[in-house]
Amino acid sequence: MKAKVLTVAAALVLVTSAGAWADDDLLGKDAVPGFTGNVTFTNDYLFRGLSQTRHDPAVQGSIEYDHESGIYVGIWGSSIDFAGMNGTHAQLETDFYGGYKGAIDNFSYNLGAI
């Protein structure tokens with residue numbers, strides 16, 4: 001389990017590092033379409049006050065693609081630790097999301113779904 005988490009974490013760091021350097025926002029220019037992402041290491045994954053990792057650390061990350069039209073899609077994931085009633089064991093949560101964002105003058109909007 002720990003080897004899988006470390007492998008996924010290392011892959012996400014490499015992918016997000018490449019995306020971060022390609023992002024013109026870091027250079028103070030207008031954003032360009034492309035891939036972005038992030039990696040988070042946390043001491044406990046809490047959702048609505050309940051530990052999703054049995055109070056153990058979690059590795060979380062996301063990869064997102066933004067198109068110049070305003071459409072975006074992405075995937076977010078986190079390590080978890082759930083024991084099922086039938087002997088199964090869940091170790092990964094993934095959420096797919098997408099939407100449309102834009103701006104009209106000083107008004108920005110973002111319509112999305114997970």
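Shown above is the structure to which this text applies.
Residues numbered from 1 in each chain as written. Predicted model: local features only at pLDDT ≥ 70, side-chain atom pairs only at ≥ 80, totals over all residues. Heavy atoms only, no water.

A. Inspection of the side chain of Ser51 at higher detail. For Ser51, the position within the fold is in strand S3 (residues 50–51). Given a relative accessible area of 19%, Ser51 falls into the buried group. Here Thr53 takes part through its backbone nitrogen, which lies 3.3 Å from a polar atom of the side chain of Ser51. From its side chain, Ser51 meets the backbone nitrogen of Arg54 in a polar contact 3.1 Å long. Ser51 has contacts with Asp44, Tyr45 and Leu46, leaving out every residue within four places of it along the chain. (Helix = DSSP H or I, 4+ residues; strand = E, 2+ residues; numbered from the N terminus. Buried < 20%, exposed > 50% of the residue type's maximum accessible area, 1.4 Å probe, protein only. Polar contact = N/O pair within 3.5 Å; in protein donor to acceptor, adjacent residues only side chain to side chain. Contact = heavy atoms within 4.5 Å.)

B. Spotlight on a nonpolar patch on the surface. A grouping of Phe35, Tyr65, Ile71, Val73 and Tyr100 is seen on the molecular surface, where their side chains present a nonpolar patch of about 480 Å² in accessible area. Along the chain, Ile71 turns up in strand S5 (residues 71–83). Judged by relative accessible area, Ile71 falls into the partly exposed class, the value being 45%. (Patch = residues over 30% accessible without salt bridge, like charges linked within 9 Å, V, L, I, M, F, W, Y side chains within 5 Å. Areas by Shrake-Rupley, 256 points an atom, 1.4 Å probe, with all protein chains shown as cover. Salt bridge = Lys/Arg side-chain N within 4 Å of Asp/Glu carboxyl O.)

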